[in-house]
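An overview of the molecular structure
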Amino acid sequence: MKKNIDYQHLLERALRAVVKDALTHAQFNGLGDNTHFYITFRTREPGVNIPDFLRLRYPEMMTIVLQYSFSNLNVSDKEFGVTLTFDGRPFYIRIPYNALVEFKDPSVDFMLQFQNRGHNDSSNDLELPLNEKTTEDEARVVSLDEFRKKKK
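This text gives an overview of the structure that appears in the document. Along each chain, numbering runs from 1 in the same order as the chain's sequence is written. Since the coordinates come from a predicted model, pLDDT governs what is reported: local features require at least 70, and pairs of side-chain atoms require 80 or more to be given and counted, while whole-chain, interface and lining totals use all residues. Values shown for side chains rest on all heavy atoms present in the structure; no hydrogens or waters enter the calculation.

**Things to note about the pairing of strand β1 (residues 37-42)**
On a regular strand, one side chain projects to one face of the sheet and the next to the other, so that they alternate. Rule in force here: Only protein chains enter the accessibility calculation, which uses a 1.4 Å probe. A residue is then buried if its area is under 20% of the maximum for its type, exposed if over 50%, and partly exposed in between. Strands are runs of DSSP state E lasting at least 2 residues, helices are runs of H or I lasting at least 4, and numbering of each runs from the N terminus. We treat two strands as partners when DSSP finds at least two bridges between them.
In terms of residue burial, β1 counts as a mostly covered element, since five of its six residues are buried. The pairing of β1 with strand β2 (residues 61-66) spans six bridges and is classified as antiparallel. The residue of β2 that forms the bridge with I39 is I64. Bridge count for β1 against strand β6 (residues 100-105) is four bridges, and the pairing is antiparallel. Directly across from I39, in β6, lies its bridge partner F103.

**Looking at the pattern of salt bridges**
Heads up, the rule is: Put simply, a salt bridge is a Lys or Arg side-chain nitrogen that is within 4 Å of an Asp or Glu carboxyl oxygen.
Applying the stated criterion across every chain, the model contains six salt bridges. For K20, the salt bridge identified is with D77, shortest N-O distance 3.5 Å. Of the two residues, K20 is situated in helix α1 (residues 7-29) and D77 in the loop between β3 (71-75) and β4 (79-86); the sequence distance between them amounts to 57 residues. Exposure remark for K20: the relative accessible area of 23% places this residue in the partly exposed category. In this structure, the salt-bridge partner of R42 is E45, at a minimum N-O distance of 3.1 Å. With respect to burial, R42 and E45 carry one shared label: buried.

**As for α1**
Note the following rule: Each helix should span, by expectation, one fewer than its residue count multiplied by 1.5 Å. Every residue pair with non-hydrogen atoms within 4.5 Å of one another is taken to be in contact.
Over its 23 residues, α1 extends 33 Å from the first C-alpha to the last, a length consistent with the 33 Å expected when each residue adds 1.5 Å. Every buried residue belonging to α1 is among E12, L15, R16, V19, L23 and A26, and all of these are buried. Where α1 is buried, its residues contact β1, β2, β3, β4, β6 and β7 (110-113). G30 occupies a position one or two residues after α1 and carries a positive phi of about 75°.

Interpretation note: all reported values are geometric properties and have no functional meaning in isolation.
Here it is, written out as structure tokens:
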């Protein structure tokens, strides 16, 4: 008996490879003038490594921004890691590609959305149109400005 080809799975894998390649480019070449990435991920997905206080603040999903203040970007085949500053302290976080919900580069109006494959709770499915912003979207974005010390 032949199994059907799971085209959705093949497409998801290809789209995650696009994210990996974009992050690899940033790892070795830095980001261009206006380039910045918004990366939304499920915080409770296996393999996600973030500080406990962030998991409490963002129990389902979190969005990070890679633009100016990041370091130690390390990209592998299954995950990426990066050092970001939260509450004035640097933390190295790891995010497997399977935890991704959305990847955006607003500088070129580019966005990818990922299905919630392999995750048991279908209530976490998220579909966000690129041109629409909601209060919920903004609540998920972690602004690094909140954590920077204000200069007087």
